[in-house]
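Single-letter residue listing:
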Amino acid sequence: MSPRPERPWWKDAVVYQIYPRSFLDSDGDGVGDLPGITAKLDYLKALGVDVVWLSPHFDSPNADNGYDIRDYRKVMEQFGTMADFDALLAGMTARGLRLIIDLVVNHSSDEHAWFVESRKGRDNPYRDYYIWRDPGPDGGLPNNYGAFFGGPAWTFDQGSGQYYLHYFAAKQPDLNWENPKVREEVHDLMRFWLDKGVSGFRMDVIPFISKQPGLPDLTLEQRRAPQFVYAAGPKLHDHLREMRREVLDHYDTLTVGEAFGVTPDGARDLMDSRRGELNLVINFDIVRMDIDGWRKTTWTLPRLKALYTQLDQAAGPFGWNTQFLSNHDNPRSVSHFGDDDPAWVERSAKVINTLILTQRGTPFLYQGEELGMTNYPFQTLDDFDDLEVSGRWRDVQHRVSEEEYLANARAMGRDNSRTPMQWTNGPNGDFTTGQPWLAVNPNAEAINAQDQTARPDSVLAHTRALIAWRRGSVDLREGDYRDIDPDHEQVFAYRRGALLVLLNFGRETVRYAVPAEHPISGLAFETAEVERQTVTLAGWTSAILAVG
Ligand code: TEU
């Protein structure tokens, strides 16, 4: 790691995301838990990651798998106890690993004590913790906002005769950040976890916390992608700077904002180191490049490359990007951007992981990506657990066939990445001894950690080796990024400082002629056939060359 004081530690870190529900179940109830993670810390250490981002581990009725929090200071019962959390953190600290946790404060659960109070009536002291509105002039909804999980973003409360706002499910009421008490509560709960020793937060849909003044109706155009309106509230930057001043500046932290609804230029402001807001943002441009609402469209390699260049330029000298191709809300990277045919999955997962680990920015690997885990072969809509799949289906079923909807959910549904980790080729991949909450992918027989740990040519071995190599490479960690061949339809070729990275995104072998201005001086990582300036890349392989 870089010893230079002006370079923050998180720029050189590799982050690994854990979705606790699906990582490892230690007590046989079919749900992953904190002791399960503690049991695998040596696995993570051997992989070589520096930071774990833990998806929500808080008390929750699980309408949205923990993204609906009932008590911000309590551990979800299915995941264990506070003592289990402390043991996990101690185990990580002992191994030099840092932990960042999920801060979900755009909304809480409707079962949170604040909301239970708030809905008691207009005079309740907690009323203003949430966003309540009278019915519209026609007696109906206060405005035409839609919720991401289907239906309107408003739910009527009989008792008090008002509607409350929820951008996500009705069980996820939005908090009112205009209320200073809400902001203080959030600052307090952040301190609670920082004082325990966590190293920061991944902030869930953080751009949504500031609402549009007066909550005007969306235009037809805006209704297609309301996130861009929701993320553009006028107080967002003030709230973030206040959070920084009040809380974060007093600790050594990493903050990563989930920048849903933010353009690359907007993201630059959020992470500009001079502005004192966030350190990093999670950008949606790449993972959603081929998504239109619930529909999957197509992507091309030149378009993907253009996005990488755009994002790199948008970050500018005062920003720093995150590099990721999957998480718990997106399909598996090898199925989305690679080739998950059993004959190609290993090779292409290595190419995908090489892309993530050699771009300029802080890489985020999602659990199972180090193994090349794939999408799940869903057969019917009932196979999905995710409320997004059922909620959107209710919205569109009057105009879309089930077959078409299912085909899209199979490709893009969030449960693809939420199926349990595949540890061995045993029953349920040895994720649990009980009945898993979501089915284990049948390909655990072929794709699992035990097999890959033993095999030097595995995706896991490749990913480990590259993480280790990256640590020693200033070019990969700090070097400038330049795409040298933006139009090539099968090869992704880019400079990182004095390195040239070549990725073959197809099954056919390519004899790639490297332009003379990048004189090859040798192979830096991995083997490939190099003859003067020509590199032969077999189907779905990569090469990292020293040039200049
Ligand atoms: O997700 C933000 C988000 O809006 C999307 O990624 C979401 O998955 C959906 O596709 C929107 O259409 C965050 C969390 O990561 C996600 O798991 C939660 O469900 C959501 O916020 C609500 O907390």
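Residues numbered from 1 in each chain as written. Predicted model: local features only at pLDDT ≥ 70, side-chain atom pairs only at ≥ 80, totals over all residues. Heavy atoms only, no water.

Draft legend 1. A look at the layout of surface pockets. Of the volumes computed, that of the second largest pocket is approximately 510 Å³. Around the second largest pocket, the lining is made up of 25 residues, and of these P8, W10, K11, S273 and N279 lie nearest the centre. Here the lining of the second largest pocket is built from residues that sort into ten nonpolar, five polar and ten charged. (1 Å grid on protein atoms, 1.4 Å probe; cavity = no way out; pocket = protein on both sides within 12 Å on 5 of 7 lines; lining within 4 Å. Points joined across faces, edges and corners; volume = space filled by probe spheres on them. Nonpolar A, V, L, I, M, F, W, Y, C, P; charged D, E, K, R; others polar.)

Draft legend 2. Examining the environment of W53 more closely. Note on placement: W53 falls in strand β2 (residues 51-54). A C-alpha to C-alpha distance of 14 Å links W53 and F85, two positions 32 residues apart in sequence. Discounting residues that sit within four places of it in the chain, W53 has contacts with V15, Y16, Q17, I18, Y67, I100, D102, R202, I282, H328 and F364. (Helix = DSSP H or I, 4+ residues; strand = E, 2+ residues; numbered from the N terminus. Contact = heavy atoms within 4.5 Å.)

Draft legend 3. Summary view of the site of the ligand. Around the ligand sit 20 residues in total, of which D64, D204, D329, E388 and R392 are the nearest. D204 is positioned such that a nitrogen or oxygen atom in its side chain is 2.8 Å from an oxygen atom of the ligand. Considered on its own, the ligand offers 480 Å² of accessible surface; in the complex 98% of this is hidden by protein. Here the residues of the shell around the ligand are counted per class, giving seven nonpolar, three polar and ten charged. (Near = heavy atom within 4 Å. Polar contact = N/O pair within 3.5 Å; in protein donor to acceptor, adjacent residues only side chain to side chain. Areas by Shrake-Rupley, 256 points an atom, 1.4 Å probe, with all protein chains shown as cover.)

Draft legend 4. View of the sheet that holds strand β8 (residues 162-165). As summarised here, the arrangement of the three strands in space is β6-β8-β7, forming an open sheet in which the pairing is antiparallel. A single partner strand is all that each edge strand has here, and the edge strands are β6 (132-133) and β7 (154-157). Bridge analysis of β7 against β8 gives four bridges, and the strand direction is antiparallel. From the neighbouring strand, D157 faces β8, where its bridge partner is Q162. (Pairing = 2+ DSSP bridges.)

Draft legend 5. Spatial organisation of the pattern of salt bridges. Under the defined criterion, the tally for this structure stands at 44 salt bridges. In this structure, R224 engages D292 in a salt bridge whose closest nitrogen and oxygen atoms are separated by 3.4 Å. With a gap of 68 residues between them, R224 in helix α6 (residues 220-224) and D292 in strand β12 (residues 291-292) connect regions that are remote in the sequence. Judged by its relative accessible area of 39%, D292 falls in the partly exposed class. With a shortest N-O distance of 3.3 Å, D329 and R414 are connected by a salt bridge. One end of the pair, D329, is in the loop between β14 (322-323) and α11 (333-336); the other, R414, is in the loop between α14 (402-412) and α15 (449-454), with 85 residues separating them in the sequence. For the residue pair D329 and R414, the accessibility class agrees, reading buried in each case. One connected set of salt bridges, linked through shared partners, spans D64, D329, D386, E388, R392, R414 and R418. (Salt bridge = Lys/Arg side-chain N within 4 Å of Asp/Glu carboxyl O. Buried < 20%, exposed > 50% of the residue type's maximum accessible area, 1.4 Å probe, protein only.)

Draft legend 6. View of the environment of G233. Within the fold, G233 resides in the loop between α7 (227-230) and α8 (236-246). Note: C-alpha distance between G233 and P213 (20 residues apart in sequence) is 7.7 Å. Aside from chain neighbours lying at most four places away, what touches G233 is S210, K211 and Q212.

Draft legend 7. Molecular detail of the nonpolar core. If you look at the biggest cluster of nonpolar residues, it comprises 146 residues, and the most contacted ones within it are Y16 and F505. In this structure F505 touches W299, L301, L304, F337, V351, I352, L355, Q490, F492 and W540, once residues within four positions along its chain are discounted. (Core = buried A, V, L, I, M, F, W, Y, C linked by side-chain atoms within 4.5 Å.)

Draft legend 8. Region of interest: the packing of aromatic side chains. Taken as a whole and judged by the stated rule, the model has 41 aromatic pairs. When the centroid spacing of 5.5 Å and the interplanar angle of 75° are considered together, the rings of F58 and W193 count as edge-to-face. Here W193 lies in helix α5 (residues 180-196) and F58 lies in strand β3 (residues 58-59), a separation of 135 residues in the sequence. Each of the two residues, F58 as well as W193, counts as buried. Taking the ring centre of W437 as reference, the NZ or CZ of R21 above it sits at 4.8 Å. It is K40 that lies over the ring of W423; its NZ or CZ is 4.2 Å from the centre. (Phe/Tyr/Trp six-rings, centres within 6.5 Å; stacked < 30°, edge-to-face > 60°. Lys NZ or Arg CZ within 6 Å of the ring centre and 35° of its normal.)

Draft legend 9. Structural context of helix α13 (residues 387-396). Taken together, the buried positions of α13 are L387, E388, V389, G391, W393 and V396. Considering only its buried residues, α13 is in contact with α14. Two or three places before E388, at the start of α13, stands the capping residue D386, its side-chain oxygen 3.0 Å from that residue's backbone nitrogen.

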